[in-house]
Amino acid sequence: MKILSIGNSFSQDAQRYLHRLAKQDGTELKTVNLYIGGCPLRRHYLNMLDDNVAYDFEFNGETTGIKVSIRQALVSDEWDFITLQQASTFSGRYETYYRSPC
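Predicted model only: the values in this text are computed from it and were never measured.

### Focus: helix 3 (residues 41-50)
So, point 1. Turning to helix 3, its buried residues are L41, H44 and N47. All buried residues of helix 3 project into a common sector of 125 degrees when viewed along the axis, lining one side. Turned more than 90 degrees off the buried face of helix 3, the exposed positions are L49 and D50.
So, point 2. In this structure, the buried residues of helix 3 make contact with strand 1 (2-7), strand 3 (55-59), helix 4 (70-75) and strand 5 (81-84).
So, point 3. Of the residues flanking the end of helix 3, it is D51, one or two places downstream, whose phi is positive at about 55 degrees.

### Section: the side chain of S5
So, point 1. In this fold, S5 is placed in strand 1.
So, point 2. Separated by 2.7 Å, the side chains of S5 and Q15 make a polar contact.

### A word on the side chain of N60
So, point 1. Examined against the element boundaries, N60 turns out to sit in the loop between strand 3 and strand 4 (62-68).
So, point 2. Here N60 falls in the buried class, since its relative accessible area comes to 14%.
So, point 3. Of the polar contacts made by the side chain of N60, one reaches the side chain of H19; its length is 3.2 Å.

### Considering the sheet that holds strand 1
So, point 1. Taken together, 5 strands build an open sheet; the order of strands is 4-3-2-1-5 and the sheet is mixed. Two strands in the sheet have a free side with no partner beyond their single neighbour: strand 4 and strand 5. Neighbour-to-neighbour, the strand axes of the sheet open up by a mean angle of 20 degrees, direction not taken into account.
So, point 2. Across 5 bridges, strand 3 lies against strand 4 in antiparallel orientation.

### Details of the pattern of salt bridges
So, point 1. Under the counting rule described, the total for this entry stands at 6 salt bridges.
So, point 2. Between K2 and D77 there is a salt bridge, with its nearest N and O atoms 2.8 Å apart. Here the residue K2 occupies a position in strand 1, and D77 occupies one in the loop between helix 4 and strand 5, the gap between them amounting to 75 residues.
So, point 3. R20 serves as the salt-bridge partner of E62, at 3.7 Å between the closest nitrogen and oxygen. Here R20 lies in helix 2 (residues 18-24) and E62 lies in strand 4, a separation of 42 residues in the sequence.
So, point 4. The class of E62 is partly exposed, set by a relative accessible area of 45%.
So, point 5. When salt bridges that share partners are traced, they join K2, K30 and D77 into one network.

Cut-offs and rules
- Residues numbered from 1 in each chain as written.
- Predicted model: local features only at pLDDT ≥ 70, side-chain atom pairs only at ≥ 80, totals over all residues.
- Heavy atoms only, no water.
- Buried < 20%, exposed > 50% of the residue type's maximum accessible area, 1.4 Å probe, protein only.
- Helix = DSSP H or I, 4+ residues; strand = E, 2+ residues; numbered from the N terminus.
- Arc of directions from axis to C-beta.
- Contact = heavy atoms within 4.5 Å.
- Polar contact = N/O pair within 3.5 Å; in protein donor to acceptor, adjacent residues only side chain to side chain.
- Pairing = 2+ DSSP bridges.
- Axes fitted to C-alpha atoms, helices over the stretch in contact; angles between N-to-C directions.
- Salt bridge = Lys/Arg side-chain N within 4 Å of Asp/Glu carboxyl O.

None of the figures reported here should be taken as evidence of function without further support.
Shown next, in the form of structure tokens:
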């Protein structure tokens, strides 16, 4: 199974141990996390539109020192699951889940 997360510290926390836990259970799992601390959905959206190479690339819970764009990560593999993380300061705010004019 292959999981791509586009997020912030929430996705980083979720992915940090996921690969190792799956391995202990004998499950083959590839996890990739694209990380920007505190990143809200709007910034992910704008980064996607501009193809910004702005994300720290974390592989199987480990930092790699590589920077990538969302597009680069999306086309790098055939993902089974893709998650998108909202910033915690906006996560309970309904209006932040809809595109607003730039």
